[in-house]
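# A look at the structure
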Amino acid sequence: SRFVATENAYVKADKITVSADISGRVIAVNISDNQEIRAGDILFRINTETIEIALKRADARLASAKHTITAFKAEYRQKVAERKEVEGDVRFLTRRVTRQRKLFQKGFSSQRKLDDAEQELRASKDRISALNQNLAQIQARLGGNIRIKPDDHPTVQEVLAAREAVIVDLQRADVRSPVDGIVTNFGLQVGEYIEAGAPVFSIVGNKGIWVEANYKETDLTNVRVGNKAKLNFDTYPAVTFRARVVSIAPATGA
């Protein structure tokens, strides 16, 4: 015979298991069993109160982080101005010490005045060293760049990333259909608590449907991809569908 036939055949379609990316209690269900849906349709919603609180906390941390960076920059400018003032004192005190030494050497000034002048000079120089250390610490806290914008600072970037993660969770509260299809195995009710990643129901895709026909190996000797076929379904016994072989499985069902 030029034809092979079998009644051991089944209609197949993509089956997608629907789950939520976040855990929470269901507050709205927009579908029912066997309903046809489109990709992007909102299937159900999860309560977002906890996520909204987390977002407020993230906003507060972000504002605090930006304020801290701004305060560091203001403190740096203040320390620079203070160092400039002390550097002026050092120049003045250096001249004063030189003058006191000359007066002491000539006998016009006492040792005490010279010691006092030298002590004030050392104190001012120590103050400059301390200010330089403070400036180095502040610069390190600013990521080594005193002109850095608050939004570019690593601390702020970290808080921003955490905030973006909260926003993503907020968007995931609306569970949408990934494909066009038909809802099946459905029993979700408002008030149920679901865990992230746990299967909730399924969607059977209504595009790209195919028929899987099971033949004996001896029937497949001359079957090739591209061969024409005729299909008759039990549901529509009076209708014959035209089809084409798109693939041949390399292994048996066993």
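Check the entry above for the structure.
Just so we're clear, the structure is a prediction, and the values are computed from it rather than from any experiment.

## Re the packing of helix 1 (residues 49-106) against helix 3 (residues 154-172)
- Between helix 1 and helix 3, the least distance of the axes is 9 Å, while the angle of their chain directions is 165°. As far as their axial angle goes, helix 3 and helix 1 are roughly antiparallel. Where helix 1 crosses over helix 3, the two elements pack in a sense that is left-handed. Residues I51, E52, A54, L55, A58, D59, R61, L62, A65, K66 and I69 of helix 1 form the contact with helix 3, whose own contacting residues are T155, V156, V159, L160, R163, V166, I167, D169 and L170.
- By residue class, the composition of the contact of helix 1 with helix 3 is 13 nonpolar, one polar and six charged.

## Brief notes about helix 3
- Under the 1.5 Å per step criterion, the end-to-end length of helix 3 is 27 Å for 19 residues, consistent within 8% with the ideal 27 Å.
- Where helix 3 is concerned, the buried positions are V156, V159 and V166. Angularly, the buried residues of helix 3 cover 80° about the axis, an arc narrow enough to put them on a single face. Opposite the packed face of helix 3, turned more than 90 degrees from it, sit the exposed residues P154, E158 and Q171.
- Turning to helix 3, the residues buried within the fold contact helix 1.

## Side note on the nonpolar core
- Counting residues in each nonpolar core, the largest one holds 21 residues, and the members touching the most others are L43, F44, I194 and F201.
- Among the secondary structure elements, those contributing two or more residues to this core are strand 5 (42-46), helix 1 and strand 9 (201-205).
- Per-element tally for this core: the top contributor is strand 5, with three residues.
- Other than its neighbours up to four places away in sequence, I194 contacts A20, I22, S23, G24, V26, F44, I46, L188 and V200.
- Of all hydrophobic cores here, the second largest spans eleven residues; its members include L62, I69, L135 and I138.

## Notes on the pattern of salt bridges
- Applying the stated rule across the entire model yields eleven salt bridges.
- Here R101 and E118 are joined by a salt bridge, their closest N and O atoms 3.1 Å apart. Here R101, found in helix 1, pairs with E118, found in helix 2 (residues 111-141); they are 17 residues apart in sequence, far enough to count as distant.
- One salt bridge connects K207 with D180, and the closest N-O pair in it is separated by 2.9 Å. On the criterion of sequence distance, the pair formed by K207 in the loop between strand 9 and strand 10 (210-213) and D180 in the loop between strand 6 (174-176) and strand 7 (181-184) is long-range, its members being 27 residues apart.
- When its relative accessible area of 17% is taken as the criterion, D180 is described as buried.
- Bridged by salt links that share partners, the residues D21, D169 and R172 form one connected network.

## Topic: the sheet that holds strand 3 (residues 24-29)
- If you walk across this open sheet you meet the four strands as 6-5-3-8, and the pairing is antiparallel. At either margin of the open sheet sits one strand with a lone partner, and together these are strand 6 and strand 8 (193-194).
- Taken together, the three bridges between strand 5 and strand 6 define a ladder with antiparallel strand orientation. Bridged to I42 within strand 6 is R176.

## As for the sheet that holds strand 9
- Reading across from one edge, 2-9-7-4 is the order of the four strands in this open sheet, with antiparallel pairing throughout. In this open sheet, the two strands that pair with only one neighbour each are strand 2 (15-18) and strand 4 (36-37).
- Pairing of strand 4 with strand 7, which is carried by two bridges, proceeds in the antiparallel orientation. From the neighbouring strand, I37 faces strand 7, where its bridge partner is G181.

Definitions and limits used
Residues numbered from 1 in each chain as written. Predicted model: local features only at pLDDT ≥ 70, side-chain atom pairs only at ≥ 80, totals over all residues. Heavy atoms only, no water. Axes fitted to C-alpha atoms, helices over the stretch in contact; angles between N-to-C directions. Helix = DSSP H or I, 4+ residues; strand = E, 2+ residues; numbered from the N terminus. Parallel < 35°, antiparallel > 145°, perpendicular 65-115°, else oblique. Left-handed = near helix turned anticlockwise from the far one by under 90°. Contact = heavy atoms within 4.5 Å. Nonpolar A, V, L, I, M, F, W, Y, C, P; charged D, E, K, R; others polar. Expected span 1.5 Å × (residues − 1). Buried < 20%, exposed > 50% of the residue type's maximum accessible area, 1.4 Å probe, protein only. Arc of directions from axis to C-beta. Core = buried A, V, L, I, M, F, W, Y, C linked by side-chain atoms within 4.5 Å. Salt bridge = Lys/Arg side-chain N within 4 Å of Asp/Glu carboxyl O. Pairing = 2+ DSSP bridges.

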